[in-house]
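Here is what each chain is made of, one letter per residue.
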Amino acid sequence: MIRYHAPWILPINEPPIRDGWIAVDRGRVAATGRRAPADDADAVDLGEVVVLPGLVNAHTHLELSYLRGAVPPSAAFITWVRGLIAARRQGPDPRAPEVLAAIDDAISDVIASGTAIVGDVGNTLTTFGPLARSPLAAVVFYELIRFNAPDPEAVVEQACREIDTLVPTDRVHASLAAHAPYSVAPLVFRAIRRAVDREPFAPCSVHLSEAAEEVEFIRSGGGPWRALLQELGSWDPAWVPPGGTPVQFLDDSGFLDARVLAVHGVQMTDADLRRLVARGTPLVTCPRSNGQTGAGAPPIEDFYRSGVRVAIGTDSLASAPDLNLFAELATMRALAPGVPAAALLDSATRQGARALAFDGAYGTIEPGKYARLITVAVPPGTTDVEEYLVGGIQPEQVRWVE
Ligand SMILES: [Zn+2]
């Protein structure tokens, strides 16, 4: 048993503890409390820091790490996507050494900036091995993109077979994801849903209501998305536009529930957000990526006002300058000055862990959970430590509690 002292402890599930202690036994939190004058002198003093749970990056694409800086920022999402497609086509094979090296570097950066868990989306399963060898916990989402699918069941069954060849660890396992309503056929969505339902606790993920082009395509069947699908040879002439919003479409198809991470939500209406609340569907916001891809600024205050469970992701290095979740928090604070810092920090820890089904062991500092804890150096005289943490923390300030 080791006891740590710190000026601030942020358990997340209860208010910050001023001048507190944490007892850790064999890698798990045993107890927390406020320091008393008679406390043992042999406790480890962590210095002028706040202790909090390792953060959760609920949406990234580590396999795209080699594209750092390769896709120009755009004012229109469709233009950004064209840039991404071009960069991936010109780029190396998904298993090329430079791709693997970029994944390893990205994992190191994720850990150095205080993240304990990632929701990692990929079109290959290349990141599974590097993640399994790292100290991170992760759900690796094998993401399907298939708008024109003559045999939707076969597409999904093939993906399930590939997932079955992986050996899950107690921290890293794989599941399925659908790319987005404009790039996945309705019957592929159904087949993914059925496959996910066979696994008791597997989460699933989908990019949803990210940009205006998606909203137009689902409502009318036209616009720049249709043009791009036709150009790519992926158009399905039998497809009928569902009308309504992307959230309505997926909800009416029975796709949305508490296990599906709805990523982005920039274009969601209040009615869309109410549907997510009703289904228990968590929303993952990635505001820096939205700014770079032309999706626009997410309505973060609306998210929190609606009561939806908000988690946070950085998205990939193709659309974000780094994978530091604290930087994402700073952008959220700038976009949503009215949301309490405690709510933003809850999103960065407990809500992310819950969305990825890791909340039994991570996301708060509570007896029985893993002591995957970080410290952040705090300047003397700081009075509101939660507000300080959402103001832009650099990796140099972060240490893991060993
Ligand atoms: Zn994404």
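Bear in mind the structure is a predicted one, so any value in this text is a computation, not a measurement.

Caption draft 1: The overall build of the protein, seen in detail. When its secondary structure is counted, the protein shows 14 helices and 15 strands. Its C-alpha atoms give the protein a radius of gyration of 21 Å, near enough to 21 Å, the size a compact globule of 402 residues would have. Among the 402 residues that make up the protein, the fraction classed as buried is 55%. Considering only residue pairs separated by 6 or more positions, the protein has 71% of its internal contacts joining residues 24 or more positions apart. Summed over all atoms, the accessible surface of the protein reaches about 15,800 Å², with 53% contributed by carbon and sulfur. Placing the 34 positive and 48 negative side-chain charges of the protein at their respective mean positions leaves the two points 3 Å apart.

Caption draft 2: Examining the packing of helix α6 (residues 212-220) against helix α7 (residues 224-231) more closely. Between α6 and α7, whose axes approach to 7 Å, the crossing angle comes to 85°. Considering the angle they form, α6 stands roughly perpendicular to α7. Of the residues in α7, those touching α6 at Glu213, Glu214, Glu216 and Phe217 are Pro224, Trp225, Arg226 and Leu229. A class-by-class count of the residues in the contact of α6 with α7 yields four nonpolar, no polar and four charged.

Caption draft 3: Quick look at the coordination of the zinc ion. Binding of the zinc ion to the protein goes through His59 (NE2), His61 (NE2), His207 (NE2) and Asp315 (OD), at separations of 2.0 to 2.7 Å. For the zinc ion, the four donor atoms in the first shell make angles of 84 to 165° at the metal, so the coordination geometry reads as irregular. Binding-site remark: the zinc ion is held by donors from one chain whose sequence spacing is H-x1-H-x145-H-x107-D. Of the two residues, His59 sits in strand β6 (residues 55-60) while His207 sits in strand β10 (residues 204-208), which places them 148 residues apart along the sequence. Residue His59 is classed as buried on the basis of its relative accessible area of 0%.

Caption draft 4: Spotlight on empty space enclosed by the protein. Enumeration according to the criterion identifies one cavity of 30 Å³ or more in this entry. Its boundaries defined by the atoms lining it, the largest cavity holds a volume of some 40 Å³. Here the residues of the lining of the largest cavity are counted per class, giving five nonpolar, three polar and one charged.

Caption draft 5: Representation of the layout of surface pockets in the model. Estimated volume of the largest pocket: approximately 900 Å³. As for the largest pocket, its lining consists of 43 residues, and the residues nearest its centre are Arg88, Asn123, Glu143, Ile145 and His179. When contributions to the lining of the largest pocket are tallied by element, the ones reaching two or more residues are α1 (77-90), β7 (115-122), β8 (137-144), α4 (152-164), α7 and α10 (287-293). Here the element with the most residues in the lining of the largest pocket is α1; it accounts for seven residues. Approximately 270 Å³ is the volume found for the second largest pocket. Looking at the second largest pocket, it is lined by 14 residues, and the ones nearest its centre are Ile163, Ala174, Ser175, Glu199 and Ala202. Here the residues of the lining of the second largest pocket are counted per class, giving nine nonpolar, two polar and three charged.

Thresholds, definitions, all that
Residues numbered from 1 in each chain as written. Predicted model: local features only at pLDDT ≥ 70, side-chain atom pairs only at ≥ 80, totals over all residues. Heavy atoms only, no water. Helix = DSSP H or I, 4+ residues; strand = E, 2+ residues; numbered from the N terminus. Rg over C-alpha atoms; globule rule 2.2 N^0.38 Å. Buried < 20%, exposed > 50% of the residue type's maximum accessible area, 1.4 Å probe, protein only. Contact = heavy atoms within 4.5 Å. Areas by Shrake-Rupley, 256 points an atom, 1.4 Å probe, with all protein chains shown as cover. Lys, Arg positive; Asp, Glu negative; His and termini not counted. Charge placed at Lys NZ, Arg CZ, Asp CG, Glu CD. Axes fitted to C-alpha atoms, helices over the stretch in contact; angles between N-to-C directions. Parallel < 35°, antiparallel > 145°, perpendicular 65-115°, else oblique. Nonpolar A, V, L, I, M, F, W, Y, C, P; charged D, E, K, R; others polar. Donors = N, O, S within 2.8 Å, 3.2 Å for Na, K, Ca; no water. Tetrahedral: all angles 85-135°; square planar, octahedral: opposite > 155°, others 65-115°. 1 Å grid on protein atoms, 1.4 Å probe; cavity = no way out; pocket = protein on both sides within 12 Å on 5 of 7 lines; lining within 4 Å. Points joined across faces, edges and corners; volume = space filled by probe spheres on them.

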